[in-house]
Amino acid sequence: MSNWATEQLLVAIAAATAARECITEARLVEITGKNAKSIENSCRILRKHGLISKNAQGCHKLTPAGRAAVDQELRLRSGPKGPRSGHLVREGTLRDRAWRAMRIKGKFTIDDIVMLSVEGEERDVRSNLGKYFRALARAGFLVPLPAREAGTAPTSNGFVRYLLVRNTGPKAPVMKASRGMVYDPNTETSVVLDGEELPRVRATKSQGGASCG
């Protein structure tokens, strides 16, 4: 399992509740080795995003959305892999974790995805994901929703909410800004920004992997 704390806890809850109805935070501390504060914070995040529920006795269990997230095995193993198209896709990155979070949420703001995907050592996270979101929107994977989420500052115009409309699979689309396109490793196709989808291109033995954008 990756270091993504909330995802790690979600899987732990799924495993622990397979033979019982629910599990307490104290028991989660015992089986995961995490401290109580970390478990409390992760459970709060999972509840906020509708993946677990908590009863009056303080016992947690997966919601249908949480069960689906685990069953669909949204986690990707880390390490570079070269698909047949010749594009080199690096897995285990911030954008990989962000794509998994998008698939779980369906509708979200950048801050929603930041909360679910950051591990703590990344730099310029909002700027990074902002560029990624805009590229995915231009390529037709995301659609900005007309209603914004209210901001916390009195002068704020609110936060843009996005809808994932092109959920092609567990592998994160790769933004290739220099080429003006997004490559989708799930379908092995490239989509021109604000343009058409390019056909599959299969690699020959002489083709090398292109670096990720």
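Model, not experiment: these values are computed from the prediction. (Residues numbered from 1 in each chain as written. Predicted model: local features only at pLDDT ≥ 70, side-chain atom pairs only at ≥ 80, totals over all residues. Heavy atoms only, no water.)

A. Representation of the overall build of the protein chain within the structure. If you tally the helices and strands in the protein chain, you get seven helices and 12 strands. Residues classed as buried in the protein chain amount to 40% of the 213 residues present. Sequence-distant contacts, at least 24 apart, represent 54% of the contacts inside the protein chain between residues at least 6 apart. Taken as a whole, the protein chain presents about 11500 Å² of accessible surface, with 49% of it coming from carbon and sulfur. (Helix = DSSP H or I, 4+ residues; strand = E, 2+ residues; numbered from the N terminus. Buried < 20%, exposed > 50% of the residue type's maximum accessible area, 1.4 Å probe, protein only. Contact = heavy atoms within 4.5 Å. Areas by Shrake-Rupley, 256 points an atom, 1.4 Å probe, with all protein chains shown as cover.)

B. Region of interest: the packing of helix H6 (residues 110-117) against helix H7 (residues 125-138). Following both chains from N to C, one finds H6 and H7 inclined at 120°, their axes separated by 10 Å at the closest point. Compared by their axis directions, H6 and H7 come out oblique. As for the relative orientation of H6 and H7, their crossing is right-handed in sense. Of H7, the residues touching H6 (which contributes Ile110, Asp111, Ile113, Val114 and Ser117) are Val125, Arg126, Leu129, Gly130 and Phe133. A class-by-class count of the residues in the contact of H6 with H7 yields six nonpolar, two polar and two charged. (Axes fitted to C-alpha atoms, helices over the stretch in contact; angles between N-to-C directions. Parallel < 35°, antiparallel > 145°, perpendicular 65-115°, else oblique. Left-handed = near helix turned anticlockwise from the far one by under 90°. Nonpolar A, V, L, I, M, F, W, Y, C, P; charged D, E, K, R; others polar.)

C. Spotlight on the pairing of strand S10 (residues 181-184). Side-chain alternation along S10 places Met181 and Tyr183 on one buried face and Val182 and Asp184 on a second face that is also buried. In the sheet, strand S9 (residues 174-176) pairs with S10 via three bridges, with the strands oriented antiparallel. Within S10, the residue paired with Met175 across the bridge is Val182. Following S9, the chain reverses through four residues before pairing antiparallel with S10; Gly180 in that reversal takes a positive phi of roughly 65°. Sheet analysis places S10 next to strand S11 (residues 189-192), joined by four bridges and oriented antiparallel. Residue pairing in the sheet places Val182 in a bridge with Val191 of S11. Counting the residues between successive antiparallel strands, the hairpin from S10 to S11 contains four residues, one of them, Glu188, with a positive phi of roughly 55°. (Pairing = 2+ DSSP bridges.)

D. Molecular detail of the sheet that holds strand S6 (residues 107-108). Spatial strand order, S6-S8-S7: three strands in an open sheet with antiparallel pairing. Both edges of this open sheet fall to S6 and strand S7 (142-144), since each of them pairs with a single strand only. In the sheet, S7 pairs with strand S8 (residues 162-164) via three bridges, with the strands oriented antiparallel. Bridging from a neighbouring strand, Leu142 pairs with Leu164 of S8.

E. Expanded view of the pattern of salt bridges. All told, the structure shown has three salt bridges when counted by the stated rule. A salt bridge links Arg126 to Asp111; the nearest nitrogen and oxygen atoms lie 2.7 Å apart. Placement of the pair is Arg126 in helix H7 and Asp111 in helix H6, with a sequence separation of 15 residues. Judged by its relative accessible area of 43%, Arg126 falls in the partly exposed class. Here Asp111 falls in the partly exposed class, since its relative accessible area comes to 31%. (Salt bridge = Lys/Arg side-chain N within 4 Å of Asp/Glu carboxyl O.)

F. Molecular detail of the packing of aromatic side chains. What the rule picks out here adds up to three aromatic pairs. Taken together, a centroid distance of 6.2 Å and an interplanar angle of 80° make the contact between Trp99 and Phe141 edge-to-face. Note that Trp99 is positioned in helix H5 (residues 94-105) and Phe141 in the loop between H7 and S7, a separation of 42 residues in sequence. For the pair shown, Trp99 and Phe141 are each scored as buried. Aromatic pair Phe108 and Phe133: ring centres 5.7 Å apart, planes at 75°, arrangement edge-to-face. Note that Phe108 is positioned in strand S6 and Phe133 in helix H7, a separation of 25 residues in sequence. In this structure Phe108 comes out as buried when scored by relative accessible area, which is 0%. Classification of Phe133 as buried rests on a relative accessible area of 0%. Connected via pairs of aromatic rings, a cluster forms that spans Phe108, Phe133 and Tyr162. When the ring centre of Phe141 is taken as origin, the NZ or CZ atom of Arg166, which lies over that ring, is 4.9 Å away. (Phe/Tyr/Trp six-rings, centres within 6.5 Å; stacked < 30°, edge-to-face > 60°. Lys NZ or Arg CZ within 6 Å of the ring centre and 35° of its normal.)

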